[in-house]
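Structure at a glance
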Amino acid sequence: MMKRFLVTGGAGFIGSAVVRHLVGDLGHQVCVLDKLTYAGNLENLEPIARSARFHFARLDICDVAAVRALFAEFQPEVVMHLAAESHVDRSIDGPAAFIQTNVVGTFHLLDVAHDYWQSLPPDGRAGFRFHHVSTDEVFGSLHDEGLFSETSPYQPNSPYSASKAASDHLVRAWNHTYGLPAVASNCSNNYGPYHFPEKLIPLIILNGLEGKPLPIYGQGDNIRDWLYVEDHARALVLVAEQGRVGETYNIGGSSERTNLQVVEAVCDLVDEMAPDAAIGPRRELIRFVADRPGHDKRYAIDAGKIKRELGFTPRESFETGLRKTVRWYLDNEAWWRRLRTSVYRGERLGHVA
């Protein structure tokens, strides 16, 4: 049955994957609410932009009056909240924007959603859901053993993860105190098409194509669990529609890799798909650089709960997803070339001298 989804941050990397899935695969009505900061890009929504089921509103979630008006006009049945500042390095350089969007913005959105939910007739209130999308970084850093579960203690170590932890707690409070029918999810590192070039995998792909140095923090031994973004989008819709109110679901790819392993895998795929004798083997471009301040050692997700309750498992392995990702960047130079020349040129961010 078709539903009306309001997706905040729907022009971003993960948000646009969710919207393409909702509109293109599932046939739902979707309104994207997005401020269109540097990481928001309407080109990410081009595959479904001409659908009559797609709507767009350029708004800041901190603009309470405008957000209230949008709720009243669109009448969403499901809110999926993905609007966030999300890059750790940028949070080190300028934490204020992260507090404003991730904490204050989430508060305003919860306030508006609660008032809207209370105004609905009984059947509308019963079917309404607010889904808050968060990160595994709120749990801090793991050592060599163990996995993050839904009951892991919060120990955020960066301004970004601290702001997301705060927003998670606000969502829990609005459910517990005010009864807002909310669910939440915490995901591992995403990768895939339309990923903004400041993040590790697209940065390495593009630098490799251009024969530029491939920077790796420290010794490259930090470990992340990698999740293909289109798998994540499927999981998020399952949580929004079928997750139990008041519950949190961890979403992971069961694909732990060191940063060095990730970079080497990207190098090998770029060499295979776009060989360049003038550049030579891309692994020779790897450079180890000063580590990020407070760099968490390891993240790893226990995704057993979402598999047991909602039947979700990723379709892509890291190898198949990474191959699709490199192929996408090779086939979509117009998308990334504009960003590399006018928005982000590959400079180092988040370095404290």
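My aim in this report is to walk through the structure given alongside it, one point at a time. (Residues numbered from 1 in each chain as written. Predicted model: local features only at pLDDT ≥ 70, side-chain atom pairs only at ≥ 80, totals over all residues. Heavy atoms only, no water.)

1. Description of the overall build of the protein
Regarding its fold elements, the protein presents twelve helices and twelve strands. Along the longest, intermediate and shortest principal axes, the C-alpha atoms of the protein span 65 × 45 × 40 Å. Out of the 353 residues in the protein, the part that is buried amounts to 54%. Pairs at least 24 residues apart make up 81% of the contacts formed inside the protein by residues separated by at least 6 positions. Working note: accessible area of the protein is about 14600 Å², and carbon and sulfur atoms make up 51% of it. A gap of 2 Å separates the mean positions of the 37 positive and 44 negative side-chain charges of the protein. (Helix = DSSP H or I, 4+ residues; strand = E, 2+ residues; numbered from the N terminus. Buried < 20%, exposed > 50% of the residue type's maximum accessible area, 1.4 Å probe, protein only. Contact = heavy atoms within 4.5 Å. Areas by Shrake-Rupley, 256 points an atom, 1.4 Å probe, with all protein chains shown as cover. Lys, Arg positive; Asp, Glu negative; His and termini not counted. Charge placed at Lys NZ, Arg CZ, Asp CG, Glu CD.)

2. Details of the packing of helix α1 (residues 13-25) against helix α8 (residues 229-242)
The geometry of α1 relative to α8 is characterised by a closest axis approach of 9 Å and an angle of 65° between their N-to-C directions. The orientation of α1 relative to α8 falls into the category roughly perpendicular. The hand of the α1/α8 crossing is right-handed. Facing Phe 13, Ile 14, Ala 17, Val 18, His 21 and Leu 22 of α1, the residues of α8 in contact are Val 229, His 232, Ala 233, Arg 234, Leu 236 and Val 237. Across the contact of α1 with α8, the residue classes break down as nine nonpolar, two polar and one charged. (Axes fitted to C-alpha atoms, helices over the stretch in contact; angles between N-to-C directions. Parallel < 35°, antiparallel > 145°, perpendicular 65-115°, else oblique. Left-handed = near helix turned anticlockwise from the far one by under 90°. Nonpolar A, V, L, I, M, F, W, Y, C, P; charged D, E, K, R; others polar.)

3. A word on the sheet that holds strand β7 (residues 189-191)
The sheet built from three strands is open, its strands ordered β7-β9-β11 with mixed pairing. The strands lining the two open edges of the sheet, one partner per strand, are β7 and β11 (256-258). Adjacent strand axes in the sheet meet at a mean angle of 50° when their direction is disregarded. (Pairing = 2+ DSSP bridges.)

4. Some thoughts on empty space enclosed by the protein
Enumeration over the complete set of coordinates arrives at one cavity of 30 Å³ or more. One number sums up the size of the largest cavity: a volume of about 60 Å³. Every residue along the wall of the largest cavity is listed here: Val 88, Glu 137, Asn 157, Ser 158, Arg 224, Arg 292, Pro 293, Gly 294, His 295, Asp 296 and Tyr 299. (1 Å grid on protein atoms, 1.4 Å probe; cavity = no way out; pocket = protein on both sides within 12 Å on 5 of 7 lines; lining within 4 Å. Points joined across faces, edges and corners; volume = space filled by probe spheres on them.)

5. Digging into the nonpolar core
Core analysis: the largest hydrophobic core is formed by 36 residues, its most contacted members being Val 18, Val 19, Met 80 and Ile 251. When residues of this core are traced back to their parent elements, those giving at least two are β1 (4-8), α1, β2 (29-34), β4 (78-81), β6 (182-187), α8, β10 (248-251) and α10 (304-310). Considering every element that reaches this core, the biggest residue donor is α8, with eight residues. Core analysis: the second largest hydrophobic core is formed by 28 residues, Ile 201, Leu 206, Leu 214 and Val 270 among them. (Core = buried A, V, L, I, M, F, W, Y, C linked by side-chain atoms within 4.5 Å.)

6. Section: the layout of surface pockets
Here the second largest pocket is characterised by a volume of approximately 380 Å³. Forming the boundary of the second largest pocket are 20 residues, of which Asp 168, Arg 172, Ala 184, Gly 246 and Thr 248 lie nearest the centre. Residue assignment for the lining of the second largest pocket shows that the elements contributing at least two residues are α6 (159-178) and β6. No other element matches the six residues that α6 contributes to the lining of the second largest pocket. Each residue belonging to the lining of the second largest pocket can be placed in one class, and the counts come to six nonpolar, nine polar and five charged.

7. Quick notes on the sheet that holds strand β3 (residues 54-58)
Read across the open sheet, the seven strands follow the order β3-β2-β1-β4-β5-β6-β10; overall the sheet is parallel. Strands with a single pairing partner mark the edges of an open sheet, and in this sheet they are β3 and β10. Put simply, the sheet's adjacent strands are angled 20° from each other on average, direction ignored. Relative to β3, β2 runs parallel, the two sharing five bridges. Residue pairing for β3: Val 32 is matched across the bridge by Phe 56. Together, β1, β4 and β5 (129-135) form the strand contacts of helix α4 (residues 95-119), whose direction differs from that of β5 by roughly 165°.

8. Observations concerning the pattern of salt bridges
Scanning all chains against the criterion turns up 26 salt bridges. Between Lys 305 and Glu 247 there is a salt bridge whose closest N-O contact spans 2.5 Å. Residue Lys 305 is found in helix α10, and its partner Glu 247 is found in the loop between α8 and β10; the two are separated by 58 residues along the sequence. One salt-bridge network, held together by shared partners, links Glu 210, Lys 212, Glu 333, Arg 337 and Arg 340. (Salt bridge = Lys/Arg side-chain N within 4 Å of Asp/Glu carboxyl O.)

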